[in-house]
Structures are given as C-alpha cells and as structure tokens.
Amino acid sequence: MRTIARFVRSSLLVAPLLSWSSATDDATCIDAGGGGCPSDDSSLLSLPIRRQQQLAATELVGVAADPAPTVQCPGSASLCAGSQCCPGTSVTQQRTFPCPNAKADYDLGAGNQTDLVAALLSAMTREEKHQFLRGTGWVGWENEPSYYIGDAGLHERFGIPSLNMQDNGQGFRTVTEGIISEVTSWPSTLAAASSWSEAGTERWAIALGKEFKIKGANVILGPGLNVHRVALGGRNGEYVSGESPYFGARMAKPYVKGVQSQNVLAVAKHFALNNQETNRDSVNSVVDPRTLWEVYYPPFEAAVEAGAGSFMCGYNYVNGKHACGSSDILLKDLKQDMGFEGWVQSDWWALHSFAAMDGVDQEMPGDATPAAKLWFTDENLDTLSDAKVDNMVGRMLRPMLEYGLFEPGNHVCTPPDCSHELYEANATSPEHQELSKEMAIKAMLLLKNEYNVLPFTDQVKKIALLGAACNAKQDVKEQLSIWDKGSYYNIGGSGQVIAWDPVTIYAGLQAACEQKGCELQTYFGTNAREALTKVEGADVAILCGGTTSTEGHDRNSLSVDDEDFMVELAGSIKAMPVISLTMTPGAIVMPWINDADAALNVFLAGKY
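Residues numbered from 1 in each chain as written. Predicted model: local features only at pLDDT ≥ 70, side-chain atom pairs only at ≥ 80, totals over all residues. Heavy atoms only, no water.

A. Just the overall build of the protein chain, in detail. When you go through the protein chain residue by residue, the secondary structure sums to 19 helices and 21 strands. Sorting the 608 residues of the protein chain into buried and exposed places 58% on the buried side. Put simply, the protein chain shows about 24,400 Å² of open surface, and 52% of that area lies on carbon and sulfur atoms. (Helix = DSSP H or I, 4+ residues; strand = E, 2+ residues; numbered from the N terminus. Buried < 20%, exposed > 50% of the residue type's maximum accessible area, 1.4 Å probe, protein only. Areas by Shrake-Rupley, 256 points an atom, 1.4 Å probe, with all protein chains shown as cover.)

Below is the structure:
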C-alpha cells in the first residue's frame, strides 16, 4: 500500500502532462495498444507486473519513482521524465505517449513507441532531421579532436542522444597512443570465430558493448559479415563468417544480440559483396539472385533477424551499380525482402550519387574531400518529401529507443565534449583481459598432429624455438603514424586495435617452461643455416611464421613473411619432431607441411 500511495502522490505532481480523453472526464493515458501509459493512479492496475516490482523496489530503497522532469515533450512545452506521459498531439490522435527517456523495457503497450516516434518526427525541425542524415566531425580527410570516427544527430532536443560511432575490428579502435592502455586488444573477429562457439561470441560481444559504452560510443561499426570469397582479402580478419555463409549466420546473431544488450547499436557491414580491398572502389561483383541469397546474404539475413540497428553499404559495384546506390540490393533485397527496419549508412566516402531514393539513409562521414563529393547536402535533402525524410530518420530513432539509447543512464557524451570519455576513460578490466586470453587460447587451430606430438609430455625438456616471428616486436609508433599498418597481433586500417607489449610466442613458452621445468634454445633470425646451430640437443623444434593484412589493399600472396626460411629449416631437421606455429589474418599456403609433424595456426590474436 505504501508503494501505491507513493506512486499516486508522485503522479499527481505531473498532472499537467496528462492528455485528457475526449470520451471521459477522467485524466487517463490512452494507448493505441490498449495498455495505457501509466501517469496517474487510475492506470496503476494496468502496469505490467515487472514494472510494479520495479516501483516497489524503488520505494524500499527510498528513491523517487521518477527524477525531476527535464526532457521536453515533443509537440508541447511540457517537461517529463521516466515513466511520466507526454500530452497527446494531432499526430498521435491525442493519445498520450511515454516520455522520450522512459526505460526501453518499460512495457507501455504496443502503440506507444510508434506514437512517440511519430511525435518526435512531427516536432523536429527539418534542420534537426538533416543532422541525422549526414555525419559530422570531419574536415576533409581529418577527424576532428574529441569526435568519434562517426557522429550524427548532435545537440538535438527532446532528450535525443547523438549517435557516436567507433570502428571495431579487434575492439575499440585505438586512434591515439593514450587509448591503447584503456581498451582491450581482443583477438581479431576471425580468431574469435575460430572457437566455433555461439555462447563465446555473445560473451565477447557483451564485453565489446561495455567497453564502447564506457568510451562514449553508442554505435559499434561491426560486425563484419562478408563471406571470404577472395583468399587474399585484406579485411578477412575482420569478417566473422570465414568461408561459410551458414557459419557466418550462426555467429552474426550472438554478436548483434550481445552488443545491443549493452545499449550499443550494431552495424552489419559491408553490404554487399565487399569481398576484396584492392580496387574496392571499382571492382564489379556480378552475381545471380540464387547465389546472392545462398552464398552472400545468409549472414546479413541473420543480422536482420537479430535486430541489428544499422547496415553499412560498401564501396564496390554489384551488378554494375555502386552498392551504396543500388536500389536492387538496398530497397528490394534488404528493406523489402529481408524486412530490415533499421537505417542504411554509407561506408566513409562511399557515395557516388545522391542515393536517398535508392535506399541510403545516412551519408558518412559527412564532409567532402578532394577525391569525394558530399552528396547529402541541405540542397539535395530539401528535394525529398517530408514523408521520405521522416522514414529515413525514423529508421534511426526506433532502434535507438528500442535498445535504450534514450535512457538517461545510457546517454553518451556529445562531441566535441567527449575528451574525457574518448581519451581518458578506462574501459578495460582484469575480467576483460582474462576473457581476451581465454579467447586467444580457444582460437588456436590444430592443423596437423602426427604421432601425437602435441601436447608436449614431461619428457620434452629442451625446445628449439626458431624464427623472427617467435619474438616479433610491436612497433606502436609506426602503427599510429601509418593507419594501414598491421602487425602479427592486429590488423591494419580502420580495425586497428594496438596492444602494448603483446605476449610473444617466446614470452608465452618461457613462462610455461618456468612452470614445467623445460628450457628454450632460441634463434630469432631468418637464416636457416644459422638456425640449425640452435637445434642440437633439443627434443623438439618449433618454427614460427607470420603475416598480417590491412584495409585498403589485399595481401600480395598467401605466403607467410619468412616462408623460405620455414621451408628450408623444416626440410633440414631430421632428428626430432618439427612443429610449425603461424600467426595470420586468414588463409595461407604451407609448402613446409609435409616436413612438419604438427602444425598450429592462430588468426591475429591481439594482446595474448
């Protein structure tokens, strides 16, 4: 009873927010779904049980049910907060609707979110809507300080948060040296997928969402879903699908659900057929409908089914049309046939026309360069009907509301007032570091193991560890100065997440030998004859190889960097088992495999 009395008292204070029904003299919140928007005592009995429990809990701890009203109701001068209602407007047929910052899981009835979106769109000015339809925070090729890789919808009314977007290939992109120690350098997306674990992928996605949120980003530019159809593809390490559309579909769902459970929207990319980096702006992917739907679309369909907030179209052509300008794939296939209800954003500078009528809802990053024109100008946007603009912006507002981005506790900073979150906030944790290590272990792929050479027995006392890749150093300054520079631990380009002092193969084995009582005989060069001098007396020999990749261009070959060294050395060692251990961003050739007794590979594994 105390809870009811407290609720009645608090609701009486917001009586001016109530919409008076023309059918009754009682102050009630009328909902299209019939559930009612609970703003007074008469609607208390219609509250879902879960909400009643929440109210009871707040009473027990002595916290007010709602904070002081600070958010302007769209369509009126009234202020609201929490579970309070806003007055009905003509676009809602005088039905009241929830305050924009009401909790997303506050079940107010089927029609309330629809009414709220309609009210927001009706009250927003055309200029405010345009701010969502193109990005900001760039001057030519340069990202302005304290802005994220992508931003849109800044400084809106009605409690509407900005969309702060950050790249993701192995975590929160490390665009400055300071960020490196503040975020987790996770295994690459392909390495994470190597566990073949949907539950593990969701755990990782939840952790990703938490880190992005702490760093002030509420949109993660991932997952990358393209099926590996070009083995040399520079971004294959970012794509969770591997070579299988079925596998990609299975992994896409837990990734999207995990990230979005943390009030961070996922962006499925790059739609569609963005299968190579070399000549990505001019390559034309010619494909028939059956192949599209059976080979290339399944991971993207799964992302739609999982509720992904956004899709990103790619740089390439599809059947003679730019992907970011093809109504065939964006309007018909994605929005109509797959039923995608979120928004389509362009990849950065991927537009070649004003493609709003072809299915693109948002141009990124929102500024021109000497090589790329800005298409979503006010002049071009003004040619669109109000209904079309509302459809485009509504596709953003709906997932923002559904996944809680409007809630006060989930509000992110608004650039350029994001220096603390972006450059100073610590988002990693001991738990995340342990999870990253666990993922790296589970990402190891055993490709060959004759005579059960692995795992090592207690009889292995001396290990010859051979090759430069065994102790590859991380050049942080070089990677920060060259955006498309990768390493044996992380990919290059927009997915670049650098780690300080990643655990090398040598460091990991040295720590293991200290526990197991073995010793290492090391050679960290690339001369096979010199390496042979370190083999004598060893029980086994481990040969290390590696290569990396980056956005912007494909790998030159499928070889590891020191292939000749590994081939010559593996063929020369006869007195003991030979194990090859490689670190790669995707598929490789292994011409030494017949001379190796065991082979392990890990896709770029981040810190660990």
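B. Examining the sheet that holds strand β21 (residues 598-603) more closely. Sheet architecture is open: six strands sit in the order β16-β21-β20-β19-β17-β18, paired in mixed fashion. Pairing within the sheet leaves two strands with one partner each, and these edge strands are β16 (445-449) and β18 (519-523). For this sheet the average axis-to-axis angle between neighbouring strands, irrespective of direction, equals 20°. Across six bridges, the pairing between strand β19 (residues 540-546) and strand β20 (residues 578-584) is parallel. Bridge assignment links Gly545 to a residue of β20, and that residue is Thr582. (Pairing = 2+ DSSP bridges. Axes fitted to C-alpha atoms, helices over the stretch in contact; angles between N-to-C directions.)

C. Representation of the nonpolar core within the structure. In this structure, Phe271, Phe311, Trp348, Leu397 and Met400 are the most contacted members of the largest nonpolar core, which totals 108 residues. Leaving out residues up to four positions away in the same chain, Trp348 has contacts with Trp138, Ile149, Gly150, Met165, Leu221, Met312, Tyr315, Met364 and Pro365. Ranked by size, the runner-up nonpolar core spans 30 residues in total, among them Ala443, Leu454, Cys513 and Met583. (Core = buried A, V, L, I, M, F, W, Y, C linked by side-chain atoms within 4.5 Å. Contact = heavy atoms within 4.5 Å.)

D. Spotlight on empty space enclosed by the protein. Overall, the coordinates contain two cavities of 30 Å³ or more when judged by the stated rule. Approximately 30 Å³ is the volume attributed to the second largest cavity. Lining the second largest cavity are Gly233, Gly234, Arg235, Asn236, Tyr239, Asn274, Asn275, Gln276 and Glu277. For the lining of the second largest cavity, the per-class residue count stands at one nonpolar, six polar and two charged. (1 Å grid on protein atoms, 1.4 Å probe; cavity = no way out; pocket = protein on both sides within 12 Å on 5 of 7 lines; lining within 4 Å. Points joined across faces, edges and corners; volume = space filled by probe spheres on them. Nonpolar A, V, L, I, M, F, W, Y, C, P; charged D, E, K, R; others polar.)

E. Structural detail: the pattern of salt bridges. Summed over all chains, the structure comprises 23 salt bridges. In this structure, the salt-bridge partner of Asp167 is Arg173, at a minimum N-O distance of 2.7 Å. The shortest N-O distance in the salt bridge between Arg203 and Glu438 comes to 2.9 Å. Taken together, the residues Arg203 in helix α7 (residues 198-214) and Glu438 in helix α15 (residues 430-442) connect sequence positions 235 residues apart. Looking at Glu438, the relative accessible area reads 26%, which means it is partly exposed. Taken together, the salt bridges that share partners define one network made up of Arg235, Glu238, Glu277, Arg280 and Glu551. (Salt bridge = Lys/Arg side-chain N within 4 Å of Asp/Glu carboxyl O.)

F. Inspection of the layout of surface pockets at higher detail. The volume enclosed by the largest pocket comes to roughly 1,200 Å³. What lines the largest pocket is a set of 35 residues, among which Met444, Gly508, Leu509, Ala512 and Leu581 lie closest to the centre. Those elements that place two or more of their residues in the lining of the largest pocket are α15, α17 (505-516), β20 and β21. With seven residues, the single largest contributor to the lining of the largest pocket is α17. Across the lining of the largest pocket, the residue classes break down as 26 nonpolar, five polar and four charged. Each pocket or cavity is described by its volume, and for the second largest pocket that value is around 860 Å³. Considering the residues around the second largest pocket, the lining is formed by 39 residues, among which Trp138, Trp141, Arg173, Trp349 and Trp483 are closest to the centre.

G. Spatial organisation of the side chain of His322. Within the secondary structure, His322 is located in strand β14 (residues 321-322). Exposure remark for His322: the relative accessible area of 14% places this residue in the buried category. At 3.0 Å, the side chain of His322 and the side chain of Tyr317 are in polar contact. If sequence neighbours within four positions are ignored, His322 has contacts with Asp281, Tyr315, Asn316, Tyr317 and His352. (Polar contact = N/O pair within 3.5 Å; in protein donor to acceptor, adjacent residues only side chain to side chain.)

H. Representation of the side chain of Asn218 in the model. Tracing the sequence through the fold places Asn218 in the loop between α7 and β9 (219-221). When its relative accessible area of 1% is taken as the criterion, Asn218 is described as buried. Sequence-distant contacts of Asn218, that is, excluding residues within four places in its chain, are made with Ser162, Leu163, Asn164, Asn263, Val264, Leu265, Leu405 and Val412.

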